[in-house]
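Spelled out, the chains give:
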Amino acid sequence: MVTFAVRSTDVGERTATGIRKAAGNDAVHVGPLDLADQASIAAFTNAWTGPLH
């Protein structure tokens, strides 16, 4: 699984859709993350549920 951490989820989702189609793999996800916003960082990390590589 690949997760894109992005400020703009619309742009991230368009990119992820292209990768899903090209790779034939649906395991590409988009998560909102704005590194300039501590609340955004906390929300992203609190929502993370898997291993991190």
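It should be noted that the structure appears before, not after, this text.
Structural notes, computed from the coordinates. Bear in mind that the values here come from a model prediction, so they are computed numbers and not experimental data.

What counts, and at which threshold
Residues numbered from 1 in each chain as written. Predicted model: local features only at pLDDT ≥ 70, side-chain atom pairs only at ≥ 80, totals over all residues. Heavy atoms only, no water. Helix = DSSP H or I, 4+ residues; strand = E, 2+ residues; numbered from the N terminus. Buried < 20%, exposed > 50% of the residue type's maximum accessible area, 1.4 Å probe, protein only. Phe/Tyr/Trp six-rings, centres within 6.5 Å; stacked < 30°, edge-to-face > 60°.

### With respect to the overall build of the protein
Step number 1: Tallying secondary structure elements over the protein gives 2 helices and 2 strands in all.
Step number 2: Along the chain direction, N to C, the helices and strands of the protein fall in the order β-α-β-α.
Step number 3: When its C-alpha atoms are laid out on the principal axes, the protein stretches across 35 × 25 × 15 Å.
Step number 4: The buried share of the protein, reckoned over its 53 residues, is 17%.

### Remarks on the packing of aromatic side chains
Describing an aromatic ring pair means giving the distance of the ring centres and the angle of the ring planes.
Step number 1: For the structure shown, the criterion picks out 1 aromatic pair.
Step number 2: With a centroid separation of 5.8 Å and an interplanar angle of 40 degrees, the aromatic rings of F44 and W48 are classed as tilted.

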